[in-house]
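Descriptive structure summary
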Amino acid sequence: MLTNAEFLDRAWSESGPKLISGFSRPFFHNLMGILHGYKYDKKSYGGMIRHSEAGMLYCWSRQLPASATIVEIGCYGGLSTSYLAAGCKGKQGCQIYSIDPFNSNLERQAELTDNCVSLDNKPARDLVAERLSQSGFGDIVELIEGYSQDVAAKWSKPIDFLWIDGNHEQALQDFNDFKPWLKKGARVALHDAHPRYGYQEVVRDVAQIFANDDEWCEMEHVKSIITGIYRG
Ligand SMILES: C[S@@+](CC[C@H](N)C(=O)[O-])C[C@H]1O[C@@H](n2cnc3c(N)ncnc32)[C@H](O)[C@@H]1O
């Protein structure tokens, strides 16, 4: 059994098999990507997740119980949001809260966000809402125009799945802000958490977030996503 630190070392290694949890996960991830990860047009959404990541977001969301709460930090054009929502579709009472400043107050965004997306032509909240509504997700997703840190300060709902893909310089802060609301058994997943195709700051934060083996189980690595289940 790998410790979480050993797991991360292996997930981030340049070479060698990434057989984790006794099953060839990359094969499974690719299969889920092929089956579920091409549904929404990455180009027109301006999305930043790979098909295997999209497929697994769908699967993880699908595994959640009825009335589950998902918090997404970093919606952008709604691509990852759509896969999360597709997984929830048909489950009674599931709700996704997706936080992003969208195209509001671009001067403030230049100060408060990293440079991972261009501020020119950022998708507007209304455009993303319309897109989600056309896919039948209008009632599942609440788009919150703002910043994760401000939303967290007023948050009061237990969380089943926390998906962090916002400001890559504050992943640890985002995690810590929402951690008190994680249910036992909640999934936490971070995007861009791989040294080769992510951000060094997220890699550093992920090592800290998942450092305690007693707190986390079922660690999984999908391309640039690192995820685990919170034991509480
Ligand atoms: C990499 S993009 C998200 C991509 C999206 N998850 C997808 O798969 O298409 C990151 C987004 O997070 C937003 N962002 C940056 N800082 C944020 C914060 N503190 N709270 C919420 N969103 C933030 C950015 O403006 C940008 O739209």
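Our subject in this report is the structure included herewith. All of these numbers come straight from a predicted model, not from anything done at the bench.

With that settled, consider the site of the ligand. Neighbouring the ligand are 25 residues; Gly74, Ser80, Asp100, Lys122 and Asp165 lie closest to it. Asp100 is positioned such that a nitrogen or oxygen atom in its side chain is 2.7 Å from an oxygen atom of the ligand. Here Asp165 contributes a side-chain N or O atom positioned 2.8 Å from a nitrogen atom of the ligand. Taking 600 Å² as the accessible area of the ligand by itself, protein coverage stands at 99%. Those elements that place two or more of their residues in the shell around the ligand are helix H5 (79-88), strand S2 (95-100) and helix H8 (148-153). For the shell around the ligand, the residue count by class is 11 nonpolar, 11 polar and 3 charged.

Okay, helix H1 (residues 4-12) next. Along H1, the residues classified as buried are Asn4, Phe7, Leu8, Ala11 and Trp12. Projected down its long axis, H1 shows its buried positions confined to an angular sector of 120°, all on one face. Away from the buried face of H1 by more than 90 degrees, exposed residues Ala5 and Asp9 are located. Packing partners of the buried residues in H1 comprise helix H10 (200-209), strand S6 (216-222) and strand S7 (225-230).

Moving on: the nonpolar core. In terms of nonpolar packing, the biggest core is built from 34 residues, with Leu57, Ile96, Phe137, Val141, Phe161 and Trp163 touching the most fellow members. When contributions to this core are tallied by element, the ones reaching two or more residues are helix H4 (51-62), H5, helix H7 (125-134), strand S3 (141-145) and strand S4 (159-164). Filtering out sequence-adjacent residues up to four positions away, Trp163 remains in contact with Ile49, Leu57, Val71, Glu72, Ile73, Ser80, Leu84, Ala189, Leu190, His191 and Ile225. Of all hydrophobic cores here, the second largest spans 33 residues; its members include Ala11, Val151, Leu182 and Ala193.

What follows is about the sheet that holds strand S5 (residues 182-190). Either a parallel or an antiparallel arrangement is found when strands of a sheet pair, and the pairing is made through backbone hydrogen bonds. What the 7 strands build is an open sheet, ordered S3-S2-S1-S4-S5-S7-S6; its pairing is mixed. Looking at which strands have only one partner, the edges of the open sheet turn out to be S3 and S6. Shown here is a sheet whose adjacent strand axes are inclined to one another by a mean of 15°, direction ignored. As paired strands, S6 and S7 are joined by 5 bridges and run antiparallel to one another. What sits directly across from Glu220, in S7, is Thr227.

The phi dihedral of Tyr76 falls on the positive side, at around 50°, and the residue is not glycine. Turning to its location among the elements, Tyr76 is positioned in the loop between strand S1 (69-73) and H5. Look at Asp192: it is not a glycine, yet its phi comes out positive at around 60°. By secondary structure assignment, the location of Asp192 is in the loop between S5 and H10.

It is worth spelling out the packing of aromatic side chains at this point. Going through the model one piece at a time under the given rule, you end up with 8 aromatic pairs. Taken together, a centroid distance of 6.1 Å and an interplanar angle of 50° make the contact between Tyr40 and Tyr45 tilted. Comparing Tyr40 with Tyr45, the two get one shared label, buried. Arranged with centres 6.2 Å apart and planes meeting at 65°, the rings of Tyr40 and Phe137 form a pair that is edge-to-face. Here Tyr40 is found in the loop between helix H2 (25-36) and helix H3 (42-45), whereas its partner Phe137 is found in the loop between H7 and S3, with 97 residues between them in sequence. Using a relative accessible area of 11% as the deciding quantity, one classes Tyr40 as buried. The ring of Tyr45 is capped by Arg131, whose NZ or CZ atom sits 4.5 Å from the centre of that ring.

Cut-offs applied
- The numbering scheme is per chain: residues are counted from 1 as the chain's sequence reads.
- The predicted origin of the model limits local features to residues at a pLDDT of at least 70 and limits the giving and counting of side-chain atom pairs to 80 or more, whereas totals for whole chains, interfaces and linings rest on all residues.
- With hydrogens and water set aside, each side-chain value is computed from the structure's full complement of heavy atoms.
- Here a residue is considered near a molecule or strand provided that any single heavy atom belonging to it is located within 4 Å of it.
- In the analysis that follows, any N or O atom pair within 3.5 Å is treated as a polar contact, provided that within protein one partner can donate a hydrogen and the other can accept it, and provided that, for residues neighboring in sequence, both atoms belong to side chains.
- We get accessible surface area from the Shrake-Rupley algorithm with a probe of 1.4 Å; when it comes to residues, only the shown protein chains can shield them.
- Note on conventions: DSSP H or I runs of at least 4 residues are helices, E runs of at least 2 residues are strands, and numbering of each starts at the N terminus.
- The residue classification treats Ala, Val, Leu, Ile, Met, Phe, Trp, Tyr, Cys and Pro as nonpolar and Asp, Glu, Lys and Arg as charged. All others, Gly included, are polar.
- Exposure classes here rest on a 1.4 Å probe applied to the protein chains alone. A residue is buried below 20% of its type maximum, exposed above 50%, and partly exposed in between.
- The reported arc concerns the directions from the helix axis to the C-beta atoms and nothing else.
- Residues count as neighbours in contact if any of their non-hydrogen atoms are within 4.5 Å of one another.
- The nonpolar core is taken to be a set of buried Ala, Val, Leu, Ile, Met, Phe, Trp, Tyr and Cys residues, with the residues joined through side-chain atoms within 4.5 Å.
- In this scheme, strands are said to pair when DSSP sees at least two bridges between them.
- To obtain an axis, a line is fitted to C-alpha atoms, over the contacting stretch when the element is a helix, and the angle between two such axes runs from 0 to 180 degrees between their N-to-C directions.
- Side-chain rings of Phe, Tyr and Trp, where Trp is taken by its six-membered ring, are said to pair if the distance between their centres is within 6.5 Å; with planes under 30 degrees apart they count as stacked, over 60 as edge-to-face, and otherwise as tilted.
- The rule is short: NZ of Lys or CZ of Arg within 6 Å of the ring centre and within 35 degrees of the ring normal puts a charge over the ring.

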